[in-house]
Amino acid sequence: MKILVPVKRVVDFNVKVRVKADGTGVDLANVKMAMNPFDEIAVEEAVRLREGGLASEVIAVSCGVTAAQDTLRTAMAVGADRAVLVETDAELQPLAVAKLLRAVAEREGVQLVVLGKQAIDDDANQTGQMLSALLGWPQATFASKVVVGDNKVTVTREIDGGLETIELSLPAVVTVDLRLNEPRFASLPNIMKAKKKPLDTLKAEELGVDVAPRLKTLSVAEPPKRAGGVILANVAELVSRLRDEAKVI
Ligand code: AMP
């Protein structure tokens, strides 16, 4: 079984993002970029499945600018066997990414696609669900446990009410949540080895996908500044402030 793991290059989670002065988006100039953290968990899970003899190959794929090659090398340094870059300078929205991923999944003949539950830049949480619909494959989102069996995958999902376990027939799409595993660090020898692993580049047009945005961003703004907190002397003061001053917003 081949596994496809889509990985997105995003602003590193440690960076405090700044909105551009003209409100057209987030300032990406000289900002540290990294693999979306949920995608690190997805790669780790796929690599563990291969190490456990349940998968034959793990293919990482990223859609975006040339620099996404770095993200793919990181995926290969932690165990992905090879990588595909779908190169485009266009602004990619989740539907366009899902269409590109469908084309790659079909081309590669994969049986399982393991994605992050969401990308931490736009927090869309849409790509996996759209991909599942486009492929006509079953989906399990927010996975905290993945067990691959004979032609099926059993997934425990994190839902509002607790946990839910569902069984999907393969091929299938799984999106992963935070508690699924703890991703390994790439060792220096493996970073070196990853430089030699195959990385193919395709142009979005070669896949016959129209990636034109369907949504228009009107403006991007910083969230309002929070007013500072106060430390109260005791519970009596807290109760009185709640009674006399607190307002329902
Ligand atoms: P989103 O729907 O944008 O929150 O992203 C959910 C997941 O889809 C991510 O965690 C990635 O696994 C995948 N994904 C989104 N955008 C891309 C991209 N440009 N290239 C590769 N994978 C992506």
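Just above, that's the structure.
Residues numbered from 1 in each chain as written. Predicted model: local features only at pLDDT ≥ 70, side-chain atom pairs only at ≥ 80, totals over all residues. Heavy atoms only, no water.

*Asks:* Which residues make up the nonpolar core, and what are the values?
*Replies:* Formed by 39 residues in total, the largest nonpolar core has its most connected members in Ile3, Val5, Val43, Leu112 and Val153. Of all the elements, helix α1 (residues 37-51) adds the most residues to this core, at seven residues. Excluding residues that lie within four positions of it along the chain, Val5 makes contacts with Asp39, Ala42, Val43, Ala46, Val58, Ile59, Ala60, Val61 and Val114. Core analysis: the next-biggest nonpolar cluster, separate from the first, contains 27 residues, Val61, Val86, Leu202 and Val209 among them. (Core = buried A, V, L, I, M, F, W, Y, C linked by side-chain atoms within 4.5 Å. Buried < 20%, exposed > 50% of the residue type's maximum accessible area, 1.4 Å probe, protein only. Helix = DSSP H or I, 4+ residues; strand = E, 2+ residues; numbered from the N terminus. Contact = heavy atoms within 4.5 Å.)

*Asks:* Break down the sheet that holds strand β10 (residues 172-176) for me, with residues and values.
*Replies:* What the nine strands build is an open sheet, ordered β9-β8-β7-β10-β6-β1-β4-β5-β11; its pairing is mixed. Of all the strands in the sheet, the pair left with one neighbour each is β9 (162-169) and β11 (199-203). Pairwise comparison of adjacent strand axes, ignoring direction, gives a mean angle of 35 degrees for this sheet. Across five bridges, the pairing between strand β5 (residues 82-87) and β11 is parallel. Residue Val84 lies in a different strand from β11, and its bridge partner there is Asp200. On top of the sheet, helix α3 (residues 94-108) reaches β1 (2-6), β4 (57-64), β5, β6 (112-116) and β11; it is set at about 150 degrees to β4, its chief contact. Against the sheet, helix α4 (residues 127-135) engages β6, β7 (139-148) and β10, with an angle of about 175 degrees to β10. (Pairing = 2+ DSSP bridges. Axes fitted to C-alpha atoms, helices over the stretch in contact; angles between N-to-C directions.)

*Asks:* Mind laying out a nonpolar patch on the surface, listing which residues take part and the relevant values?
*Replies:* Taken together, the side chains of Val17, Val26 and Leu28 make up a nonpolar region of the molecular surface, amounting to roughly 230 Å² of accessible area. Structurally, Val26 is set in the loop between β2 (9-11) and β3 (33-35). Assessed through its relative accessible area of 34%, Val26 is described here as partly exposed. (Patch = residues over 30% accessible without salt bridge, like charges linked within 9 Å, V, L, I, M, F, W, Y side chains within 5 Å. Areas by Shrake-Rupley, 256 points an atom, 1.4 Å probe, with all protein chains shown as cover. Salt bridge = Lys/Arg side-chain N within 4 Å of Asp/Glu carboxyl O.)

*Asks:* Lay out the site of the ligand in plain terms, naming residues and giving numbers.
*Replies:* Every one of the 17 residues lining the ligand counts as a neighbour, but Asp39, Ala119, Asn125, Gln126 and Thr127 are closest to it. One of the backbone N or O atoms of Cys63 is found 2.8 Å from a nitrogen atom in the ligand. Starting from 480 Å² of accessible surface for the ligand in isolation, the protein chains cover 98%. Of all the secondary structure elements, the ones that give two or more residues to the shell around the ligand are β4 and β6. Its residues assigned to classes, the shell around the ligand shows eight nonpolar, seven polar and two charged. (Near = heavy atom within 4 Å. Polar contact = N/O pair within 3.5 Å; in protein donor to acceptor, adjacent residues only side chain to side chain. Nonpolar A, V, L, I, M, F, W, Y, C, P; charged D, E, K, R; others polar.)

*Asks:* Would you mind going over the side chain of Asp12 in detail, with residue names and values included?
*Replies:* Within the element layout of this structure, Asp12 appears in the loop between β2 and β3. A residue is classified by how much of its surface remains accessible, and Asp12, at 7% relative accessible area, is buried. Within the local environment of Asp12, its side chain forms a polar contact with the backbone nitrogen of Asn14, the two atoms lying 2.8 Å apart. If we ignore the near neighbours within four places in the chain, the residues touching Asp12 are Lys32, Met33 and Ala34.

*Asks:* Summarise the pairing of β7; cite the residues concerned and give the values.
*Replies:* Within β7, seven of the ten residues are buried, leaving the element largely enclosed by the surrounding structure. Where β7 lies against β10, three bridges are found, and the strand directions are parallel. Bridging across to β10, Gln139 finds its partner in Val173. Bridge count between β7 and strand β8 (residues 152-159): five bridges; the pairing is antiparallel. The partner of Val147 across the bridge, within β8, is Thr154. The antiparallel hairpin formed by β7 and β8 contains three residues in its connecting segment, where Asn151 sits at a positive phi of about 60 degrees.

Honestly, that's just the spatial picture; any functional story needs more than this.
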